[in-house]
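# Results of the structural survey
Listed below, chain by chain, are the residues.
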Amino acid sequence: MLYESMFKYGLHDCRIDNVFCENGEMFLVFASGVYELDATGKETCLTPSCRMVIEFAENDIQKIFNHIEITRTSKGKTTDIDYNKFVEDVEKYKFDVDINYFSRFCNTILIEGYISKWKYAVVISEVENIKYLFF
């Protein structure tokens, strides 16, 4: 089920407007929507606004943060970024997604993109399920 949901929608050229964790889940808010993908992975149309809900096997929020790694690259230097700093940057500048990857072997998502002039890589591991809520 996780594998299917990862390839139903594409995040390339989409914008994350807000990020938050609640009740053991991580939410990525796409106010402009995400792209529906056909069977070959081609983008077909932009959906309405949505939240990408990432579910973990654990519900303890502190343990969930162990599964979220964020790095920022600027002027050739890469540094680890705290989750709260990442959320602040997304709220202030928005996160323009360049590309997303999924590892079926370890149920891990990698989302790469830009916030202002910085390149970000967000690795979310041990994902139990992903669902999209449209509004």
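What comes next is a walk through the structure. (Residues numbered from 1 in each chain as written. Predicted model: local features only at pLDDT ≥ 70, side-chain atom pairs only at ≥ 80, totals over all residues. Heavy atoms only, no water.)

### What about the pattern of salt bridges?
Scanning the model with the defined rule gives four salt bridges in all. A salt bridge links arginine 15 to aspartate 96; the shortest N-O distance between them is 2.8 Å. Taken together, the residues span a long stretch of sequence, with arginine 15 in strand E2 (residues 15–16) and aspartate 96 in strand E10 (residues 95–103) at a distance of 81 residues. Relative accessible area serves as the criterion here: at 38%, arginine 15 is assigned to the partly exposed category. Overall, aspartate 96 belongs to the partly exposed group, its relative accessible area being 33%. Between lysine 131 and glutamate 55 there is a salt bridge; the shortest N-O distance is 3.1 Å. Remark: glutamate 55 occurs in strand E7 (residues 50–56) and lysine 131 occurs in strand E13 (residues 127–134); sequence separation between them is 76 residues. Here the salt bridges share partners, and the residues they tie into one network are Arg72, Lys85 and Asp89. (Salt bridge = Lys/Arg side-chain N within 4 Å of Asp/Glu carboxyl O. Helix = DSSP H or I, 4+ residues; strand = E, 2+ residues; numbered from the N terminus. Buried < 20%, exposed > 50% of the residue type's maximum accessible area, 1.4 Å probe, protein only.)

### Quick notes on the environment of asparagine 18
Considering the arrangement of structural elements, one finds asparagine 18 in strand E3 (residues 18–22). In contact with asparagine 18, not counting residues within four places along its chain, are Phe27, Leu28, Val29, Val90 and Glu91. (Contact = heavy atoms within 4.5 Å.)

### Points about the packing of aromatic side chains
Inspection of every chain in the model, using the stated rule, returns 10 aromatic pairs. For the ring pair phenylalanine 86 and tyrosine 120, a centre distance of 5.7 Å and an interplane angle of 50° mean the geometry is tilted. In this pair, phenylalanine 86 is assigned in helix H3 (residues 83–93) and tyrosine 120 in strand E12 (residues 118–124), connecting sequence segments 34 residues apart. Assessed through its relative accessible area of 2%, phenylalanine 86 is described here as buried. Residue classification places tyrosine 120 among the buried positions, given a relative accessible area of 1%. With centroids separated by 6.3 Å and ring planes inclined at 55°, the aromatic side chains of phenylalanine 95 and tyrosine 120 adopt a geometry described as tilted. With phenylalanine 95 in strand E10 and tyrosine 120 in strand E12, this pair connects stretches of sequence that are 25 residues apart. For the pair phenylalanine 95 and tyrosine 120, one class covers both residues: buried. An aromatic cluster is built from Tyr9, Tyr132 and Phe134, whose rings are joined through pairwise contacts. Across from the ring centre of phenylalanine 135, 5.9 Å away, lies the NZ or CZ of arginine 51, which sits over that ring. For arginine 72, the ring lying beneath its charged end belongs to tryptophan 118, and the centroid distance is 4.8 Å. (Phe/Tyr/Trp six-rings, centres within 6.5 Å; stacked < 30°, edge-to-face > 60°. Lys NZ or Arg CZ within 6 Å of the ring centre and 35° of its normal.)

### Quick notes on the nonpolar core
Formed by 35 residues in total, the largest nonpolar core has its most connected members in Phe30, Met52, Ile54, Phe86 and Ile109. Of all the secondary structure elements, the ones that give two or more residues to this core are strand E4 (25–30), E7, strand E8 (68–74), H3, E10, strand E11 (108–115), E12 and E13. In this view, isoleucine 109 contacts Met6, Met52, Ile54, Tyr101, Phe102, Val122, Val123, Ile124, Val127 and Ile130; residues no more than four positions away in its chain are not counted. (Core = buried A, V, L, I, M, F, W, Y, C linked by side-chain atoms within 4.5 Å.)

### Quick look at the sheet that holds E12
The strand order E2-E10-E11-E12-E8-E9 describes an open sheet built from six strands, whose pairing is antiparallel. In the strand order of this sheet, the two ends are held by E2 and strand E9 (77–80), each with one partner. With four bridges connecting them, E8 and E9 associate as antiparallel partners. From the neighbouring strand, threonine 73 faces E9, where its bridge partner is threonine 78. (Pairing = 2+ DSSP bridges.)

Bear in mind that shape data such as this cannot, by itself, settle questions of function.
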